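As a plain string of letters, each chain reads:
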Amino acid sequence: MSRKHRHCEMAALCCIWWWLACCTAMFTVVVGDEIFLEWRVKIDERIKPISRDQPVITVNDLFPGPLINVSTNDNVHINVFNDMDEPLLMTWNGIQQRLNSWQDGVSGSNCPIRPGNNWTYVIQMKDQIGSFFYFPSLNFQRAAGGFGPIHINNQIVVDVPFPTPELDFDLLVGDWYSENFTTVRARGGVGYFPDQMLMNGKRPYNGPIAKPYESFNVTEGKTYRFRISNVGNLWSVNFRIENHMLLLVETEGSYTNQTRLSSLDVHVGQSYSVLVTTGQHPADYYVVATPKIQANNSFAAVGVLHYDKSTALPTGPLPIGPDPNDINFSINQARSIMMNMTTGAARPNPQGSFNVTNVTLSQTFILNGHIAILDGFTRYTINNVSYISPSTPLKLADQFINGSGVYELDKYPIHSGLAAPVNGTFVVSGLYKGWLEIVFVNNGDMYDSCHLDGYGFFVVGFGVGQWTPEVRTTTYNLYNPIVRSTVQVYPGGWTAVYVYLDNPGMWNLRSQNLKRWYLGQELYIRVYDPDPNPAKERPPPSNLLFCGGVSPPPPPQSPSNPVSGPPPPASADAKTSHIGW
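The residue numbering used here restarts from 1 in each chain and proceeds along that chain's sequence as written. Reporting in this predicted model follows two pLDDT cut-offs: at least 70 for local features of residues, and 80 or more for side-chain atom pairs to be given and counted; totals over whole chains, interfaces and linings ignore these cut-offs and use all residues. Values shown for side chains rest on all heavy atoms present in the structure; no hydrogens or waters enter the calculation.

Undergrad: Outline the overall build of the chain, listing residues and values.
TA: Each helix is a run of DSSP H or I of at least 4 residues and each strand a run of E of at least 2, with the numbering of both proceeding from the N terminus. Helix and strand content of the chain: six helices and 32 strands. Accessible area of the chain: about 23,900 Å², with a carbon and sulfur share of 54%. In these tables, accessible area is a Shrake-Rupley quantity obtained with a 1.4 Å probe, and a residue counts as shielded only by the protein chains included in the view.

Quick look at the structure:
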């Protein structure tokens, strides 16, 4: 063989090797690890986050709870012991629960864990990376704590679009009531407002004697990742660090276009990652989150960025943020947050699939949020329906009794409101593997934020005033919309999202504003695929809890072990019910 032919052969082999390597990287399914955790959830009155005796929900005696630190495709087994005196469910904010709404941890998918009992969640972090958090979903309990951070790290075959930071810092910020959460719950939060903001469960820094406050210890010239989550109840916040810029890189599992910001709006239920480079003179600097309700800082959550060579704590006024009444600032910032199309997330291939320019919409939901008075009580509604939770979880009813007597599918409108407000169990059909457009309309005067379990929103548009079909061509971003699990809706405004309904199950769509959610601003989307193949949707887990109108089936009969007597009793309280659930 001539040298020329050998060169051609080698070149061809190299091309084939390169093509196979690319295909292998793109299509290899990485099997995750099995991770086992044990949690004890209880009430603790010794923590006193605002120097007052009040019940705080802890996980393994921690407030906030322990970090779940896992990687893409890991299977996480969390055995939750309910050491409280009331029912408990934990939900996983932003974790998509592929093919498995049985593990979602909300009233429509799970029976509650009774006091003194335990239940094991099995969650696969399927095809996700990024920053999320968990919290208790029942009975206004999130107002008492029980929340904590979740990190889903990339597999080694997937490049991260920024250098590895020196450290990751979790920063859970949110508003806090001074009253006992059961007192606030008794009125559904009506007439109560938060009194303080907490940062990682700690009161604000107000000089060296105001301990414990949150401090982040850093070294000059390094870059750090701050994973910021708004775990509060009502208030959107603006986050900033004195004399330091924020480089936005990720939100709820999506890498963003990298944008330098002096401050960042974080709405209830949202999570972001920003990189902060410590390029200032060694000193201590304020870390601040202020609610977007007033111009002064009396409700600010305040921590300290402490350089390791600093000798003095910060003094003077807090750094000034944007005018909280300037909605245009917030909308323009939100519109600037777009998908990083040049990198992968959970898989090696670029995120070009997030271009939704050419999709064909199968359904459109126009969902108006309102406040109403029903039977003398304040309620919140979607299209004039205030959600009432049945004693039998929807998913359980759907699986075992075809929903009979529990809910009526598509009973209420998804394009407009009823003539008068009603209480009802609002369940709508979602077309499996169809593209759904949802337009959230906020008719109130406060920020709202909306979340759909099991999915990510392609956030295509924001606006103030009335939504009309014409804005699809004038306002929507269909080229590189950010994908996230929670999206804000501005006062007197609308937000439009696309959702690809490829995840069968019974999925909760709700306001993340705790008062609105608790008082009825939610519904469920039933995404149904008749194919029983477990690759489409997983069957009920072997440890499934039963309650309400569904009892556990008797064990299978065999000649050597005949069944006698009545079936075993339900393993969860069939009478559990409460306002808004």
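Read on for the rest.
Undergrad: An account of the side chain of Gln-155 is needed here, citing residue identities and associated values.
TA: Tracing the sequence through the fold places Gln-155 in the loop between β8 (148-153) and β9 (168-176). For this analysis, a polar contact is any N or O atom pair within 3.5 Å, provided that within protein one partner can donate a hydrogen and the other can accept it, and provided that sequence-adjacent residues contribute only side-chain to side-chain pairs. Separated by 2.5 Å, the side chain of Gln-155 and the backbone oxygen of Thr-72 make a polar contact.

Undergrad: Could you give me a rundown of the packing of aromatic side chains, with the residues and numbers involved?
TA: Ring pairs shown here join Phe, Tyr and Trp side chains whose ring centres sit within 6.5 Å, with only the six-membered ring taken for Trp; geometry is labelled stacked below 30 degrees between planes, edge-to-face above 60, and tilted in between. All told, the structure shown has 30 aromatic pairs when counted by the stated rule. Between the aromatic rings of Trp-39 and Trp-92, the centroid separation amounts to 6.0 Å while the plane-to-plane angle is 50°, which identifies the pairing as tilted. On the criterion of sequence distance, the pair formed by Trp-39 in strand β1 (residues 34-44) and Trp-92 in strand β5 (residues 90-93) is long-range, its members being 53 residues apart. The same class applies to Trp-39 as to Trp-92, namely buried. A centroid spacing of 6.2 Å and a plane angle of 75° characterise the contact between Tyr-476 and Tyr-498, whose relative ring orientation is edge-to-face. Each residue gets one of three labels from its accessible area relative to the maximum for its type: buried under 20%, exposed over 50%, partly exposed in between, using a 1.4 Å probe on protein chains only.

Undergrad: Provide a residue-level description of the pairing of strand β14 (residues 246-251), including the pertinent values.
TA: With five of its six residues buried, β14 lies for the most part within the structure. When DSSP finds two or more bridges between two strands, those strands count as paired. By the bridge criterion, five bridges tie β14 to strand β15 (residues 254-261) in an arrangement that is antiparallel. Bridge assignment links Glu-250 to a residue of β15, and that residue is Tyr-255. The turn linking β14 back onto β15 is made up of two residues, and Glu-252 within it adopts a positive phi angle of 45°. Inspection of the sheet shows β14 paired to strand β17 (residues 271-277) by three bridges, in the antiparallel sense. Note on β17: the bridge partner recorded for Leu-247 is Leu-275.

Undergrad: How would you summarise the pattern of salt bridges if you had to cite specific residues and measurements?
TA: Once the charged atoms of two side chains with opposite charge are near each other, the side chains can pair. We count a salt bridge whenever a side-chain nitrogen from Lys or Arg sits within 4 Å of a carboxyl oxygen from Asp or Glu. One pass over the full model with this rule turns up 16 salt bridges. Between Glu-537 and Lys-395 there is a salt bridge, and its shortest N-O distance comes to 2.4 Å. Here Glu-537, found in the segment after β32 (522-527), pairs with Lys-395, found in helix α4 (residues 394-400); they are 142 residues apart in sequence, far enough to count as distant. Judged by relative accessible area, Glu-537 falls into the buried class, the value being 19%. Lys-395 gets classed as buried once you look at its relative accessible area, which sits at 5%. Among the salt bridges present, the one from Arg-472 reaches Glu-437, with a minimum N-O distance of 2.6 Å. With Arg-472 in helix α5 (residues 471-474) and Glu-437 in strand β25 (residues 435-442), this pair connects stretches of sequence that are 35 residues apart. We classify Glu-437 as buried; its relative accessible area is 0%.

Undergrad: An account of the state of the cysteines is requested, with residue identities and associated values reported.
TA: When two cysteine sulfur atoms are found within 2.5 Å, that pair is recorded as a disulfide. Enumeration according to the criterion identifies one disulfide in this entry. Disulfide partner of Cys-111: Cys-547, at an S-S distance of 2.2 Å. On the S-S bond that ties Cys-111 to Cys-547, the torsion sits near -90°, and the link is left-handed. Residue Cys-111 is found in the loop between β5 and β6 (118-124), and its partner Cys-547 is found in the segment after β32; the two are separated by 436 residues along the sequence.

Undergrad: Can you break down the sheet that holds strand β24 (residues 427-430) residue by residue, with the values?
TA: Strand order in the open sheet formed by five strands is β24-β32-β31-β26-β29, with mixed pairing between adjacent strands. Both edges of this open sheet fall to β24 and β29 (486-489), since each of them pairs with a single strand only. Direction aside, neighbouring strands of the sheet carry axes that sit 25° apart on average. Bridging between strand β31 (residues 505-511) and β32 involves six bridges; their strand directions are antiparallel. In the sheet register, Asn-508 faces β32, and the bridge partner there is Tyr-524. Axes here refer to lines fitted to C-alpha atoms; in helices the fit is confined to the stretch in contact. Angles between the N-to-C directions go from 0 to 180 degrees.

Undergrad: Lay out the confidence of the model for the chain with the relevant residues and their values.
TA: Averaged over the chain, the pLDDT score is 89; the fraction of residues at 70 or greater is 88%. In this model residues 1-29 is a low-confidence stretch, pLDDT under 50, and it forms eight contacts with partners more than four residues away in sequence or in other chains. The low-confidence segment residues 562-581 (pLDDT under 50) makes 49 contacts with residues lying over four places distant or belonging to another chain. Per-residue confidence from the predictor is reported as pLDDT, which spans 0 to 100. Note on definitions: a residue-residue contact is assigned when non-hydrogen atoms from the two residues lie within 4.5 Å.

Undergrad: Hey, could you go over the nonpolar core for me, with residue numbers and the actual values?
TA: Ranked by size, the top nonpolar core spans 146 residues in total, and within it Trp-92, Phe-226, Phe-440, Phe-457 and Tyr-476 carry the most contacts. The greatest single-element share of this core, amounting to six residues, is contributed by β25. What makes a nonpolar core is a set of buried Ala, Val, Leu, Ile, Met, Phe, Trp, Tyr and Cys residues whose side-chain atoms join them at distances within 4.5 Å. If you look at the next biggest cluster of nonpolar residues, it comprises eight residues, including Tyr-205, Tyr-286, Ala-300 and Val-304.

Undergrad: Lay out the sheet that holds strand β16 (residues 264-266) in plain terms, naming residues and giving numbers.
TA: Strand order in the open sheet formed by five strands is β11-β19-β18-β13-β16, and the pairing between neighbours is mixed. In this open sheet, the two edge strands, each paired with only one partner strand, are β11 (215-218) and β16. For this sheet, the mean inter-axis angle between neighbouring strands, taken without regard to orientation, is 20°. Of the strand pairs in this sheet, β11 and strand β19 (residues 301-307) are connected by four bridges, and their pairing is parallel.

Undergrad: Quick one: what's the story with helix α3 (residues 327-336), residue by residue and with numbers?
TA: The α-helix advances 3.6 residues per turn, and as a result positions three or four apart in sequence lie on the same side. Every buried residue of α3 is accounted for by Ser-330, Ile-331, Gln-333 and Ala-334. All buried residues of α3 lie within an arc of 165° about the axis, which places them on one face of the element. Elements in contact with the buried residues of α3: β15, β16, β27 (457-464) and β29. Where α3 begins, one side-chain oxygen reaches toward the backbone nitrogen of Asn-328, 3.2 Å away; that side chain belongs to Asp-326. Within this analysis, the arc is defined by the directions that extend from the helix axis to the C-beta atoms.

Undergrad: An account of the side chain of Glu-86 is needed here, citing residue identities and associated values.
TA: As for its placement among the helices and strands, Glu-86 is situated in the loop between β4 (75-82) and β5. Owing to a relative accessible area of 12%, Glu-86 belongs among the buried residues under this scheme. For Glu-86, the side chain forms a polar contact with the side chain of Gln-141, separated by 2.8 Å. Excluding its chain neighbours within four sequence positions, the residues that come into contact with Glu-86 are Ile-113, Pro-115, Asn-139, Gln-141, Phe-181 and Arg-185.

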